[in-house]
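Reading the structure
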Amino acid sequence: MALKEGEDFPELDVRPERWINLQVKLITWEFLNFSLVLRTSARLFTIVEKIRERHGGSISDVILYRHQVFDSLLDRYMVIL
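This write-up is about the structure you can find in this document. (Residues numbered from 1 in each chain as written. Predicted model: local features only at pLDDT ≥ 70, side-chain atom pairs only at ≥ 80, totals over all residues. Heavy atoms only, no water.)

1. Brief notes about the environment of Val48
For the record, the criterion: Put simply, DSSP H or I for four residues or longer makes a helix, DSSP E for two residues or longer makes a strand, and each gets a number counted from the N terminus. Exposure classes here rest on a 1.4 Å probe applied to the protein chains alone. A residue is buried below 20% of its type maximum, exposed above 50%, and partly exposed in between. Two residues qualify as a contact provided that any one of their heavy atoms is within 4.5 Å of a heavy atom in the partner residue.
Along the chain, the position of Val48 falls in helix 1 (residues 44–54). For Val48, a relative accessible area of 14% translates into the label buried. Residues Val48 and Ile63, 15 residues apart in the sequence, show an inter-C-alpha distance of 8.6 Å. Among residues more than four places away in sequence, those in contact with Val48 are Val62 and Leu64.

2. Considerations on helix 1
Note the threshold: The arc in question is formed by the directions pointing from the helix axis toward the C-beta atoms.
For helix 1, the set of buried residues is Ile47, Val48 and Ile51. Along the axis of helix 1, the buried residues cluster in a sector spanning 100°; they form a single face. Seen from the open side of helix 1, the exposed residues pointing more than 90 degrees away from its buried face are Phe45 and Glu53. Tucked inside the fold, the buried residues of helix 1 contact strand 1 (19–24) and strand 2 (34–39). Remark: Gly56 follows helix 1 within two positions and exhibits a positive phi of approximately 70°.

3. Regarding the pattern of salt bridges
Inclusion rule: One side-chain nitrogen of Lys or Arg within 4 Å of one carboxyl oxygen of Asp or Glu is enough to make a salt bridge.
Under the counting rule described, the total for this entry stands at two salt bridges. The closest approach of N and O atoms between Glu17 and Arg39, which form a salt bridge, is 2.2 Å. On the criterion of sequence distance, the pair formed by Glu17 in the segment before strand 1 and Arg39 in strand 2 is long-range, its members being 22 residues apart. What makes Glu17 partly exposed here is its relative accessible area of 47%. In this structure, the salt-bridge partner of Glu49 is Arg52, at a minimum N-O distance of 3.3 Å. Of this pair, Glu49 and Arg52 both sit in helix 1, three residues apart, roughly one helical turn.

Printed below as a string of structure tokens:
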């Protein structure tokens, strides 16, 4: 689409991308904790897929928490030796 004489170019959205450093922590074994650097526009599905990829696809039923894990879930996965 060519611009006619005297027409201005449309404004471009040139906002800078924002990034986050995501700390992924497993509730049962600290050895598997890791960090990801992601765009703030990343979807939850992407985060779940990154977790699965990191562990070779062997993890299923991923549950994501922010800041706090509920005690009922901890009780479900804790093993008494």
